[in-house]
Every structure is written in structure tokens, then in C-alpha cells.
Amino acid sequence: MNVSGLSNTAVAPHTDKLRAQATELEGVFINTLLKEMFSSIKTDSASFGGGFGEETWRGMQSEQLADSIAQSGGLGLADQIMDGLLQIQEASRNTSQVQVPVNGAYR
């Protein structure tokens, strides 16, 4: 996370909130990946019993697993999201026109 150029008093409380939001967004993304992974597992009566209960349980399992992965460091997406949010915030303080930083595949 690059917070150089921002005063420490302005960074601390606001950064914690941004970090929590970035981590939550990463958890949502990981949950989407896990749901797709779990959807490919065969759930008929011969394997795990199947049915509505198992389908519901798998959804809850993917949510909890995704949250756990995101809270323990995740895939590194939260860090990239934080950098982008802080750059946008700093740019909005310095200029009247915000330029969104373009990183990754969308250059």
C-alpha cells in the first residue's frame, strides 16, 4: 500500500475503513470463484446425498471459506484495490478532475 504524501492524521481512521471495504470486496470475488468450483462437484445421491440441504450448505460453505481466505491475506486483490482507492483519493484532493489509475489487463 502506498500512502506516501498523505498526512498520518488523515490516513489512519480512513485507511482502516478502506482496508475493510477492499477486503470485503476481495471476499465477494473469492466467493464467486468458490461457488463456481463447488458447482462442478457431483452432488447426486450416490456421492453426498444431494438435495436442497446440500445445495444450501455448499453456498454457506463457500461464503465462510471465502471470508476466511480474504481475512487471512487473500489473493492480494485487497492490496491492489487499496492502492487504487488511495490514488484516486489523493488525485481528487490535488486536482478538480480525478484520473482513474489503470493497472493490470486494462491498460
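All of the points below concern the structure found in this document. (Residues numbered from 1 in each chain as written. Predicted model: local features only at pLDDT ≥ 70, side-chain atom pairs only at ≥ 80, totals over all residues. Heavy atoms only, no water.)

## Comments concerning the overall build of the chain
So, point 1. Looking only at helices and strands, the chain features three helices and zero strands.
So, point 2. Order of helices (α) and strands (β) in the chain, N terminus to C terminus: α-α-α.
So, point 3. Counting the 107 residues in the chain, one finds 21% classified as buried.
So, point 4. Considering only contacts in the chain between residues 6 or more positions apart, those separated by 24 or more positions represent 71%.
So, point 5. Element-wise, carbon and sulfur atoms account for 55% of the exposed surface of the chain, whose accessible area totals about 7,600 Å². (Helix = DSSP H or I, 4+ residues; strand = E, 2+ residues; numbered from the N terminus. Buried < 20%, exposed > 50% of the residue type's maximum accessible area, 1.4 Å probe, protein only. Contact = heavy atoms within 4.5 Å. Areas by Shrake-Rupley, 256 points an atom, 1.4 Å probe, with all protein chains shown as cover.)

## Quick look at the side chain of T23
So, point 1. The residue T23 is located in helix α1 (residues 8–39) in this model.
So, point 2. A relative accessible area of 11% means that T23 is categorised as buried.
So, point 3. Those residues in contact with T23 that sit more than four places away from it in its chain are A70, Q71 and A78.

## Here's the deal with helix α3 (residues 77–94)
So, point 1. Between the first and last C-alpha of α3 there are 26 Å, a value that for 18 residues agrees with the 26 Å anticipated at 1.5 Å per step.
So, point 2. Within α3, the full set of buried residues consists of A78, M82, G84, L86 and Q89. (Expected span 1.5 Å × (residues − 1).)

## Topic: the pattern of salt bridges
Oppositely charged side chains are able to pair whenever their charged atoms sit close together.
So, point 1. According to the stated counting rule, one finds two salt bridges in the structure shown.
So, point 2. In this structure, the salt-bridge partner of R19 is D79, at a minimum N-O distance of 3.0 Å. Remark: D79 occurs in helix α3 and R19 occurs in helix α1; sequence separation between them is 60 residues.
So, point 3. Across the pair R93 and E90 runs a salt bridge, and its minimum N-O distance is 3.8 Å. Of the two residues, R93 and E90 both sit in helix α3, three residues apart, roughly one turn of that helix. (Salt bridge = Lys/Arg side-chain N within 4 Å of Asp/Glu carboxyl O.)

## A look at a nonpolar patch on the surface
So, point 1. A contiguous nonpolar surface patch, about 290 Å² in accessible area, is contributed by F29, L33 and L75.
So, point 2. Locating L33 in the fold gives a position in helix α1. (Patch = residues over 30% accessible without salt bridge, like charges linked within 9 Å, V, L, I, M, F, W, Y side chains within 5 Å.)

## As for the side chain of E26
So, point 1. Its location among the elements puts E26 in helix α1.
So, point 2. In this structure, E26 is buried with no salt-bridge partner, the nearest side chain bearing the opposite charge being R19 at 6.3 Å.
So, point 3. Here A78 takes part through its backbone nitrogen, which lies 3.3 Å from a polar atom of the side chain of E26.
So, point 4. In this structure, E26 is in contact with A70, G73, G74, L75, G76, L77 and A78, ignoring residues within four places of it in sequence. (Lys, Arg positive; Asp, Glu negative; His and termini not counted. Polar contact = N/O pair within 3.5 Å; in protein donor to acceptor, adjacent residues only side chain to side chain.)

## Let's talk about helix α2 (residues 51–71)
So, point 1. The terminal C-alpha atoms of α2, which comprises 21 residues, lie 31 Å apart, in line with the 30 Å expected from a rise of 1.5 Å per residue.
So, point 2. Every buried residue belonging to α2 is among E54, R58, S62, A66 and A70, and all of these are buried. When α2 is viewed along its axis, its buried side chains cluster within an angular range of 130° and face the same direction. Opposite the buried face of α2, at more than 90 degrees from it, the exposed residues are F52, Q64 and Q71.
So, point 3. One or two steps after α2, the chain reaches G73, where phi turns positive at roughly 120°. (Arc of directions from axis to C-beta.)

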